[in-house]
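Coordinate analysis (summary)
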Amino acid sequence: MADNYLEKKMEELRSGRYNAVGCTTRTGSRRKALSYPCRELRVLIAGTHRKYLKQYAEPFMNLGCRVCIISPTDIDDTDLGKDSGIRYYRAGTSEEVRESLMSLIKAWRDIDVVVVLDSLSGLAAALEEHVNRLPYPNDWGMPVITVSDGRITRTASCPEEPVAGTPDMPGRQETGAIPWLALNTNNRIAYIQFK
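The following paragraphs examine the structure supplied in this document. Just so we're clear, the structure is a prediction, and the values are computed from it rather than from any experiment.

1. Comments concerning the environment of W108
Mapped onto the fold, W108 is located in helix α4 (residues 94-108). Put simply, W108 and R42 are 66 residues apart on the chain and 7.5 Å apart in space, counted from C-alpha to C-alpha. Apart from residues no more than four positions distant in its own chain, W108 is found in contact with R42, V43, R66, V67, C68 and R87.

This is the structure:
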């Protein structure tokens, strides 16, 4: 009986009747739109004393990714709402950053992409400690994307030296390209320069 059922369903699928019954297919795509497949990534954004953080998180959230921000700024002083769906850790010292990162890793198990807006004290050491503790390599590669004024740089590790950060203002042009550079298939692209 089960074999007959499966054979009947396969016939319906091949004949096209299955789609007419109610299954929808995605046939149209928007013209002049760049699209790329992306799984649900776990994204960490690190910045200091910034008010406009939403513009960096939204491109990832629109793709269905989970986003966490670590910053010494209180969440009420940013453009993020308490119900934004973004995990937020307020951390300023190296020890607070390490504790926040360990709490995040406990919740998510791993981090797929790190976006560095500004140098955060102790972040590089905490990420290195996490990578060394993993019993397996991260299948995404955990690229670190550094955002500086007019340039997005992709590296394999968190920078130790201070990052030449972008000015804290809304509507930055770099934000839309960050998820594209975070794709693991784009590992040969070192940076994107904006004019």
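2. Considering the packing of aromatic side chains
Scanning the model with the defined rule gives zero aromatic pairs in all. Positioned above the aromatic ring of Y191, the side-chain terminus of R151 is 3.6 Å from the ring centre.

3. Brief notes about the nonpolar core
In terms of nonpolar packing, the biggest core is built from 28 residues, with V43, I45 and V115 touching the most fellow members. At the level of secondary structure, the elements contributing two or more residues to this core comprise β1 (42-46), α3 (54-61), β2 (66-71), β4 (113-116), β5 (144-148) and α6 (178-182). If near-sequence neighbours (up to four positions away) are discounted, V115 is found in contact with V43, L44, I45, A46, F60, I145, V147 and I178. Core analysis: the next-biggest nonpolar cluster, separate from the first, contains 23 residues, Y89, W108, V114 and C158 among them.

4. A look at the side chain of T73
Secondary-structure assignment places T73 in the loop between β2 and β3 (87-90). A relative accessible area of 9% places T73 in the buried class. Residue contacts for T73: discarding those within four places in its chain leaves T48, H49, R50, T78, Y88 and R90.

Reading guide: rules and limits
- Residues numbered from 1 in each chain as written.
- Predicted model: local features only at pLDDT ≥ 70, side-chain atom pairs only at ≥ 80, totals over all residues.
- Heavy atoms only, no water.
- Helix = DSSP H or I, 4+ residues; strand = E, 2+ residues; numbered from the N terminus.
- Contact = heavy atoms within 4.5 Å.
- Phe/Tyr/Trp six-rings, centres within 6.5 Å; stacked < 30°, edge-to-face > 60°.
- Lys NZ or Arg CZ within 6 Å of the ring centre and 35° of its normal.
- Core = buried A, V, L, I, M, F, W, Y, C linked by side-chain atoms within 4.5 Å.
- Buried < 20%, exposed > 50% of the residue type's maximum accessible area, 1.4 Å probe, protein only.

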